[in-house]
Structure formats: C-alpha cells, structure tokens
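Structure at a glance
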Amino acid sequence: MFPESHTGYSYEDCRATADWLLAQTAVRPLVGIVCGSGLGGLADMLKDQVVFNYRDIPNFPQSTVRGHAGQLVFGTLKGRPCVCMQGRFHLYEGYPIQKVTLPMRIFKLIGVETVILTNAAGGLNQDFKVGDIMIIKDHLNMPGFAGNNPLMGPNDERFGVRFPCMSDAYDRELQQLAMDVGTELGYGHFLREGVYCVLGGPSFETIAECRMLHKLGADAVGMSTVHEVIVARHCGMRVFALSLITNQAVMDYDSEEKANHEEVLETGKQRAEQLERLVSTMVTRIGHNNYS
Ligand SMILES: O=P(O)(O)O[C@@H]1C[C@H](O)[C@@H](CO)O1
Ligand code: HPA
C-alpha cells in the first residue's frame, strides 16, 4: 500500500537508539528541549552534562546548519533531569520528514513526558517586534497541506493512533505557565502569543507569500517545529513551543529589508539570556505523571 521508498524508522530501530542512550547515562529525563537556530545556549545551562555528538548516536541524522551544534545533551536543570537537542533537523537539509522527527520518538522511548521546542521565526504580525518571544498556540502546516506529514506511511500503534487530534497540540496549561513565569520575570512587554506557520525553506519568503500567510492567520513564519510537534503529540507527549521573532517578515515592496540567517543568529544571541531564564524557570514548575 505504501511506496517501497518509505523512509521511516521502525519501532525496533527507535528502541535500539533509545536503549543505546540509556545504557550510557544514568540521567532519566522527563523534559526534552529542542534548541532553535542560535538558541543552543539553552543546553549550556544543564549541569552534570553527558554529551553525545549526533554522529555517534545510532540512526541519528547530522546537523548541517550554522547555529545548530549537533549534540544531544543530558543533564539537570535546577535539579530536574532533562535532555536537550543542541541542533535540530530541517526538511530543507534534504532529510525525509521521518528523519527530521526521529528524535521525538527517541525522547518518548527514553521516558520524556514534556517537550519544549524553540525556534527562530520571522514576524508576520505587525504588532510584533524583533526580539519578541511568541508562545505558540497553534500552527499552520504548509508541507502537510502539500502531502508531507511525518505520520504518512504505515502507523505503528505502539507509538500512537492512525488519526491523531491536533486541536490540542499545544498544551494550554503550559502556555499559561509561560505567561505567568514571563510576567514574573518582567518579560511581559516582549511576550506574545500566536500562530506559527511552517514552510519547507530554505529560501526565505517572498513579499506576496508573507502577505498571504498573514491573511491566513499566521503571526510568525519558520522552517521547523511543526513536524516535531505532530510526532510528539502522536506518541502522547505534552508540548510547549515558542518562537523568538528574529526578524520582521518583509511585507512591503518599498522596504529595503532582506531576511538573512546572520540577523537570525544575532537576535538569538541578544535574547539568549531571557529565553534561557524563561525556559529554565518553566522546567522547575512543570508537574509530571499527572498527564495522559
Ligand atoms: O531551527 P529553527 O526553526 O530555529 O531555524 C530557523 C529556520 C531556518 O533553519 C533558519 C533560518 O535563519 O532559522
Ligand atoms: O523570516 C523567516 N522565515 C522563515 N524562517 C525563518 N527563521 C527565522 N526567520 C525566518
């Protein structure tokens, strides 16, 4: 029924990778964190680190993008056991979508219950400024509309159901927690919420595309996260995601602005400290074993 070229990893492949990792570290993380472009400093906050280069992990893809170090870091964040992907995979790197999302299944099999994803994104909402942090409340999955969904292919019920619901993809309690923590930390003036739209990349959007996405209800545009969210939800993990607005999407033909990766990384550097404090404080307040 499915093409021979289907590129997914079997449950047994994922189990083998998870067991390989579990055999090399005593850390049993309940929280998994994914660092977006230029946001890898989050992993540096972990104490008592056990670090794996992606090239040494069985079945793992390699990071090819500047700002994605390519390391899986285990450790504790304010006493809480965590695992952190210092670098993620993107469709535009040429990986099949099942490879892009493989780490979510590994997270699940090593015991992660909550996934926190971060990304760099272009701001479409005209009220947003560069440096704003957007709590993601929903997404638009453009590659999915075009038939590229990470759950395509045979479904293994050991991971999840054939037709998973996505109307509750982004955990509402965690969104509220982020708002509360952000307000306490004095970040209210740059904390936003909104809808993230994923495209395939790597070219940045045209002006007409940005205008269209904005009209469709997107507040920010990027090239990641949504595929990971779908796979994480499919296997029952709780999800929180945020975008750092690293640049304003160009919406106006008179504008001289040009989206570029250097600006993305630079904005990441400038907001790193606040983003790290927001996420680490959230981690200390996330409850576990009370969610299904
Ligand atoms: O991994 P994320 O989504 O943070 O990376 C964004 C999208 C592209 O990979 C890159 C463009 O600058 O940043
Ligand atoms: O403007 C953008 N578009 C797409 N992806 C991005 N990642 C950071 N900024 C952007």
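Residues numbered from 1 in each chain as written. Chains lettered and ligands numbered in written order. Predicted model: local features only at pLDDT ≥ 70, side-chain atom pairs only at ≥ 80, totals over all residues.

To keep things clear, this is the line we draw: UniProt positions are given in the numbering used here, feature names are shortened, and annotations may be inferred rather than shown by experiment.
The protein chain goes by Purine nucleoside phosphorylase in an unreviewed UniProt entry, where it is assigned to Ameiurus melas. Listed under Sequence similarities (unreviewed entry) in UniProt, the entry text for the protein chain is "Belongs to the PNP/MTAP phosphorylase family."

**Re the nonpolar core**
Our working rule: A set of buried residues qualifies as a nonpolar core if it consists of Ala, Val, Leu, Ile, Met, Phe, Trp, Tyr and Cys joined through C-beta atoms within 7 Å. To assign burial, the other C-beta atoms lying within 10 Å of each residue's own C-beta are counted, with C-beta atoms placed from the backbone; 20 or more indicates buried, 12 or fewer indicates exposed, and intermediate counts indicate partly exposed. Our contact criterion uses C-beta atoms placed from the backbone: two residues qualify when those atoms are within 7 Å.
One finds Ile33, Cys84, Val115 and Val221 to be the most contacted residues of the largest nonpolar core, which totals 74 residues. Discounting residues that sit within four places of it in the chain, Val221 has contacts with Ala121, Gly122, Leu124, Cys197, Leu199, Glu205, Leu213 and Ala249.

**What about the packing of helix α1 (residues 11-24) against helix α4 (residues 102-110)?**
Counted only if it meets this: Here an axis means a line fitted to C-alpha atoms, over the contact stretch when the element is a helix, while the angle between two N-to-C directions is reported on a 0 to 180 degree scale. The way it works is that DSSP assigns letters per residue, a run of H or I at least four long becomes a helix, a run of E at least two long becomes a strand, and they are numbered from the N terminus. An angle counts as roughly parallel when it lies under 35 degrees, as roughly antiparallel when it exceeds 145, as roughly perpendicular when it falls between 65 and 115, and as oblique in every other case. Two helices crossing with the near one rotated counterclockwise from the far one by less than a right angle form a left-handed crossing, whereas a clockwise rotation gives a right-handed crossing. Under the scheme applied here, ten amino acids are nonpolar (Ala, Val, Leu, Ile, Met, Phe, Trp, Tyr, Cys and Pro), four are charged (Asp, Glu, Lys and Arg), and all others, including Gly, are polar.
α4 packs onto α1 with a crossing angle of 60 degrees between their chain directions and a minimal axis gap of 9 Å. Our classification of the angle between α1 and α4 gives oblique. Here the hand of the crossing between α1 and α4 comes out right-handed. Contacts from Cys14, Arg15, Thr17, Ala18, Leu21 and Leu22 in α1 reach Arg105, Ile106, Leu109 and Ile110 in α4. Looking at side-chain class alone, the contact of α1 with α4 contains seven nonpolar, one polar and two charged residues.

**Side note on the site of ligand 2**
Inclusion rule: Throughout this description, a residue near a molecule or strand is one whose C-beta atom, derived from the backbone, lies within 6 Å of it.
Near ligand 2 lie 13 residues; those nearest to it are Ala120, Gly122, Gly222, Ala259 and Val264. Secondary structure elements with two or more residues in the shell around ligand 2: β5 (114-123), β8 (220-222) and β9 (238-248). For the shell around ligand 2, the element with the highest residue contribution is β5, accounting for three residues. A per-class count over the shell around ligand 2 returns eight nonpolar, four polar and one charged.

**What to know about the site of ligand 1**
Close to ligand 1 lie 13 residues, the nearest being Gly36, Ser37, Asn119, Ser224 and Val264. Of all the elements in the fold, those that place two or more residues in the shell around ligand 1 are β5 and α9 (261-285). Residue classes in the shell around ligand 1 are distributed as four nonpolar, eight polar and one charged.

**Observations concerning the UniProt feature "domain: Nucleoside phosphorylase" (unreviewed entry) in the protein chain**
Sequence positions flagged by UniProt for "domain: Nucleoside phosphorylase" (unreviewed entry) are, in local numbering, residues 31-283. For the annotated span residues 31-283, helix accounts for 30% and strand for 26% of the residues, and the straight-line distance between the end C-alpha atoms is 8 Å.

**What about helix α6 (residues 172-184)?**
Keep this limit in mind: Here a helix's expected span is defined as the number of its residues, less one, multiplied by 1.5 Å. What the arc measures is the spread of directions leading from the helix axis to the C-beta atoms.
Along its 13 residues, α6 runs 18 Å from first to last C-alpha, staying within 8% of the 18 Å computed at 1.5 Å per residue. Those residues of α6 that sit buried are Leu174, Ala178, Val181 and Gly182. Buried residues in α6, looked at end-on, bunch into an arc of 100 degrees, giving them a common side. α6 presents Arg172, Gln176, Thr183 and Glu184 as exposed residues on the side facing more than 90 degrees away from its buried surface. Tucked inside the fold, the buried residues of α6 contact β6 (133-141), β7 (191-198), β9 and α9.

**What about the UniProt feature "binding site: a purine D-ribonucleoside" (unreviewed entry) in the protein chain?**
Those places that UniProt annotates as "binding site: a purine D-ribonucleoside" (unreviewed entry) correspond, in this numbering, to Glu205 and Asn247. For this annotated set, covering 43 residues, all C-alpha atoms fall within 12.2 Å of each other, a compact arrangement in space. Here Glu205 shows up in the loop between β7 and α7 (207-215). In this structure Glu205 touches Leu199, Cys210, Val221 and Ala249, once residues within four positions along its chain are discounted.

**Describing the pairing of β9**
We count it as follows: What makes two strands pair is DSSP finding at least two bridges between them.
With 11 of 11 residues buried, β9 lies mostly within the body of the structure. Bridge count for β5 against β9 is 10 bridges, and the pairing is parallel. Residue pairing across strands places Asn119 opposite Ser243, the latter belonging to β9. Note: β6 against β9, three bridges, orientation antiparallel. In the sheet register, Ile135 faces β9, and the bridge partner there is Leu242.

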